[in-house]
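# Structural description and commentary
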Amino acid sequence: MRVLGIDPGSVATGYGVVSVEGSTLRRIASGTIRAKGDSLADRLACLQRELARTIAELGPESAALESIFSAKNARSALVLGHARGVALAACGTAGLGPAEYTPAQVKVAVTGYGRADKTQVIAMVQRLLGLVAPPASDEADALAVAICHGLRARMHTAVRIAQALERAP
C-alpha cells in the first residue's frame, strides 16, 4: 500500500509517500513544498497546485494528515486551518479521503512515546525507512504521518482477517 502523509503549513508543507508491504516500510518520495506568493491566497493556491501535482505524480492509494493541535495564537491556528483545508481538498479531489492523526498518535506509532521530541521523531523516521541522512523537519513529520497510517491500516487488515477466520466453519 502506498500512503501519502502531509504535514500542512501555509509557508512550508511536508509530504512523504511510504510503501507499506507486510513489515517492510520504504520511502517512495518526500520533500517540502514551499508555498510562493505575497498573499495568503497566492500561497494557498500554490500549495493546492503542488499537492495536486504530487498526488498525480506519486499515485498514493491513501492519505493522512496531522490534525490541528494547538497554535501559539489564534491567527496562527487560523492560517494553519486554511492550509489544512487546502490539503484536505487536494486529497478529496484525488479521491483519497485522508485520515487524520493527532501529533501524539503519530509519535506513538513512530517512536513508541507520545511525547517524543522532534529529534527523536526524525531519528526514528530515518531508522524505520533506512534513510542515509535524516530528513528535514517538515518532511520527517509527513513521513511519520504516512508511517502511522500505513501501520494502522496494516493492523486493521490483520484484525479483519483474524475475525473472518474465526467465523469460518
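Residues numbered from 1 in each chain as written. Predicted model: local features only at pLDDT ≥ 70, side-chain atom pairs only at ≥ 80, totals over all residues. Heavy atoms only, no water.

## Brief notes about the overall build of the protein chain
When helices and strands are counted, the protein chain shows five helices and five strands. Along the protein chain, from the amino end to the carboxyl end, the secondary structure elements read β-β-β-α-β-α-β-α-α-α. In terms of overall dimensions, the protein chain is globule-like: its C-alpha atoms have a radius of gyration of 16 Å, near the 15 Å expected for 169 residues. In terms of overall dimensions, the protein chain has C-alpha extents of about 65 × 35 × 30 Å along its principal axes. Of the accessible surface of the protein chain, which amounts to about 8900 Å², a share of 55% is contributed by carbon and sulfur atoms. Taken together, the 19 basic and 14 acidic charged side chains of the protein chain have centroids lying 3 Å from each other. (Helix = DSSP H or I, 4+ residues; strand = E, 2+ residues; numbered from the N terminus. Rg over C-alpha atoms; globule rule 2.2 N^0.38 Å. Areas by Shrake-Rupley, 256 points an atom, 1.4 Å probe, with all protein chains shown as cover. Lys, Arg positive; Asp, Glu negative; His and termini not counted. Charge placed at Lys NZ, Arg CZ, Asp CG, Glu CD.)

## Looking at the packing of helix α3 (residues 103-111) against helix α4 (residues 118-129)
Taken N-terminus to C-terminus, the directions of α3 and α4 make an angle of 45°; their axes are 9 Å apart at the nearest point. Overall, the two elements α3 and α4 adopt an arrangement that is oblique. With respect to the hand of their crossing, α3 and α4 are arranged in left-handed fashion. Packed against α3, whose contacting residues are K107, V110 and T111, the element α4 presents Q120, V121, M124, V125 and L128 at the interface. Looking at the contact of α3 with α4 residue by residue, the class counts come to five nonpolar, two polar and one charged. (Axes fitted to C-alpha atoms, helices over the stretch in contact; angles between N-to-C directions. Parallel < 35°, antiparallel > 145°, perpendicular 65-115°, else oblique. Left-handed = near helix turned anticlockwise from the far one by under 90°. Contact = heavy atoms within 4.5 Å. Nonpolar A, V, L, I, M, F, W, Y, C, P; charged D, E, K, R; others polar.)

## Considerations on the packing of helix α1 (residues 40-58) against helix α2 (residues 74-93)
For any two helices packed against each other, one specifies the inter-axial angle together with the distance between the axes. Where α1 contacts α2, the axes come no closer than 9 Å and their chain directions differ by 30°. The orientation of α1 relative to α2 falls into the category roughly parallel. Pair α1 / α2 crosses with right-handed handedness. In contact with L40, L44, L47, Q48, L51 and I55 of α1, α2 contributes V79, H82, A83, V86, A87, A90 and C91. Each residue belonging to the contact of α1 with α2 can be placed in one class, and the counts come to 11 nonpolar, two polar and no charged.

## With respect to the sheet that holds strand β4 (residues 62-66)
Strand pairing within a sheet occurs via backbone hydrogen bonds; the two strands may be parallel or antiparallel. Overall, mixed pairing links the five strands, which are arranged β3-β2-β1-β4-β5 in an open sheet. In this open sheet, the two edge strands, each paired with only one partner strand, are β3 (24-34) and β5 (99-101). In this sheet, neighbouring strand axes are inclined to one another by 20° on average, regardless of whether the strands run parallel or antiparallel. As paired elements, strand β2 (residues 12-21) and β3 share 10 bridges and run antiparallel to each other. Residue pairing across strands places G14 opposite T32, the latter belonging to β3. The sheet strands contacting α1 are β1 (2-7), β2 and β3, and the helix crosses β3 at an angle near 155°. Packed onto the sheet, α3 meets β4 and β5 and runs at close to 85° relative to β5. (Pairing = 2+ DSSP bridges.)

## Some remarks on the environment of L96
Turning to its location among the elements, L96 is positioned in the loop between α2 and β5. For L96 and V3, which are 93 residues apart along the polypeptide, the C-alpha to C-alpha distance reads 9.8 Å. In this structure, L96 is in contact with I55, P60, E61, S62, A63 and C91, ignoring residues within four places of it in sequence.

## Section: α2
Between its first and last C-alpha, α2 extends 28 Å over 20 residues, near the 28 Å set by a 1.5 Å rise per residue. Those residues of α2 that are buried are in contact with β1, α1, β4 and β5. (Expected span 1.5 Å × (residues − 1).)

## A short note on the pattern of salt bridges
For the structure shown, the criterion picks out four salt bridges. The partner of E50 in a salt bridge is R53, with the nearest N and O atoms 3.0 Å apart. Of this pair, E50 and R53 both sit in helix α1, three residues apart, which is roughly one turn of that helix. The class of E50 is partly exposed, set by a relative accessible area of 26%. R53 is paired through a salt bridge with E57; the nearest N and O atoms lie 3.0 Å apart. Of this pair, R53 and E57 are both found in helix α1, four residues apart, which corresponds to roughly one turn of the helix. Members of the salt-bridge network, linked through shared partners, are E50, R53 and E57. (Salt bridge = Lys/Arg side-chain N within 4 Å of Asp/Glu carboxyl O. Buried < 20%, exposed > 50% of the residue type's maximum accessible area, 1.4 Å probe, protein only.)

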